[in-house]
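So you can see what is in the structure, the chains are spelled out below.
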Amino acid sequence: MDFLNDAEVRTAMHIPTTVQEWTMCKDNFNYTMFENATMSIWDNSDLYNKYRMMKYSGDKDGCVPTTGTLGWINSLGRPKSDWRAWFLEDKKTLAGYTQEHDGLTFISVHGAGHMVPQDQREAGLIMINYFMSG
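In this report, we go over the structure that sits alongside the text. Everything numeric here is computed off the predicted structure, so don't read it as measured data.

A cluster of nonpolar side chains, namely Tyr56, Ile128 and Met132, defines an oily patch on the protein surface of about 300 Å² accessible area. Residue class for Ile128 comes out partly exposed when judged on its relative accessible area of 37%.

Laid out in structure tokens, this is it:
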């Protein structure tokens, strides 16, 4: 994971030099669990239809499984598109699946756990680039 702290990578990602270096998750942090978690962000009327939003999940994520994420997304009751596959740059390798939920894009990343950029670098980069480019 040294590449995430490489000066050229940090510059390309517009990370200010004042931001600390990236490190793996640690066991000694204070975490407060909320009942709604990120669901409240997606359901906030100030954000709905104002910004495009994306939620992604690795399909091998045992910590925050895709099924749980889809459960609360579907509970929003938004109209949704059919599932479609998305592929790596070679146009042959399956990268995951995506579905639109009325302004919220859900993307699964095949073969990734909780840390998509660590587990599937190419897919993670393509996913972000596709979303950012519309």
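Still more ground to cover, so stick around.
The subject of this paragraph is the side chain of His101. Note on placement: His101 falls in strand E3 (residues 94-101). On the basis of relative accessible area, His101 is assigned to the buried category, the value being 1%. Only 3.0 Å separates the side chain of His101 from the side chain of Gln99, close enough to count as a polar contact. Apart from residues lying up to four places away in sequence, His101 is in contact with Ile73, Asn74, Arg78, Pro79, Lys80 and Phe106.

Right, let's talk about the nonpolar core for a bit. Counting 12 residues, the largest nonpolar core is built from Met54, Trp86, Leu88, Ala95, Ile107, Val109, Ala112, Val116, Ala123, Ile126, Met127 and Phe131. The leading source of residues in this core is helix H5 (residues 121-132), at four residues. Contacts of Phe131, omitting those with residues within four sequence positions, involve Arg52, Met53, Met54 and Thr105.

This part takes up the environment of Met54. Relative to the assigned elements, Met54 resides in strand E1 (residues 53-58). When the C-alpha positions of Met54 and Thr105 are compared, they lie 4.6 Å apart, and in sequence the two are 51 residues distant.

Below, the discussion takes up helix H3 (residues 66-75). Where H3 is concerned, the buried positions are Thr66, Thr69, Leu70, Trp72 and Ile73. Taken down its axis, H3 places every buried residue within 165 degrees of arc, on the same side.

Our focus in this paragraph is the packing of aromatic side chains. Two aromatic rings are characterised by how far apart their centres lie and by the angle between their planes. All chains considered together, the criterion is met by one aromatic pair. Summarising the aromatic geometry, the rings of Trp83 and Phe106 are spaced 6.0 Å apart at their centres and angled 85 degrees between planes, so their arrangement reads as edge-to-face. A residue pair is termed long-range when its members are at least 10 positions apart, and Trp83 in the loop between H3 and strand E2 (84-87) and Phe106 in strand E4 (residues 104-109) qualify at 23 residues. We classify Phe106 as buried; its relative accessible area is 0%. One residue, Arg52, lies across the ring of Phe131, its end atom 4.0 Å from the ring centre.

Cut-offs used in this document
- Residues numbered from 1 in each chain as written.
- Predicted model: local features only at pLDDT ≥ 70, side-chain atom pairs only at ≥ 80, totals over all residues.
- Heavy atoms only, no water.
- Patch = residues over 30% accessible without salt bridge, like charges linked within 9 Å, V, L, I, M, F, W, Y side chains within 5 Å.
- Areas by Shrake-Rupley, 256 points an atom, 1.4 Å probe, with all protein chains shown as cover.
- Salt bridge = Lys/Arg side-chain N within 4 Å of Asp/Glu carboxyl O.
- Buried < 20%, exposed > 50% of the residue type's maximum accessible area, 1.4 Å probe, protein only.
- Helix = DSSP H or I, 4+ residues; strand = E, 2+ residues; numbered from the N terminus.
- Polar contact = N/O pair within 3.5 Å; in protein donor to acceptor, adjacent residues only side chain to side chain.
- Contact = heavy atoms within 4.5 Å.
- Core = buried A, V, L, I, M, F, W, Y, C linked by side-chain atoms within 4.5 Å.
- Arc of directions from axis to C-beta.
- Phe/Tyr/Trp six-rings, centres within 6.5 Å; stacked < 30°, edge-to-face > 60°.
- Lys NZ or Arg CZ within 6 Å of the ring centre and 35° of its normal.

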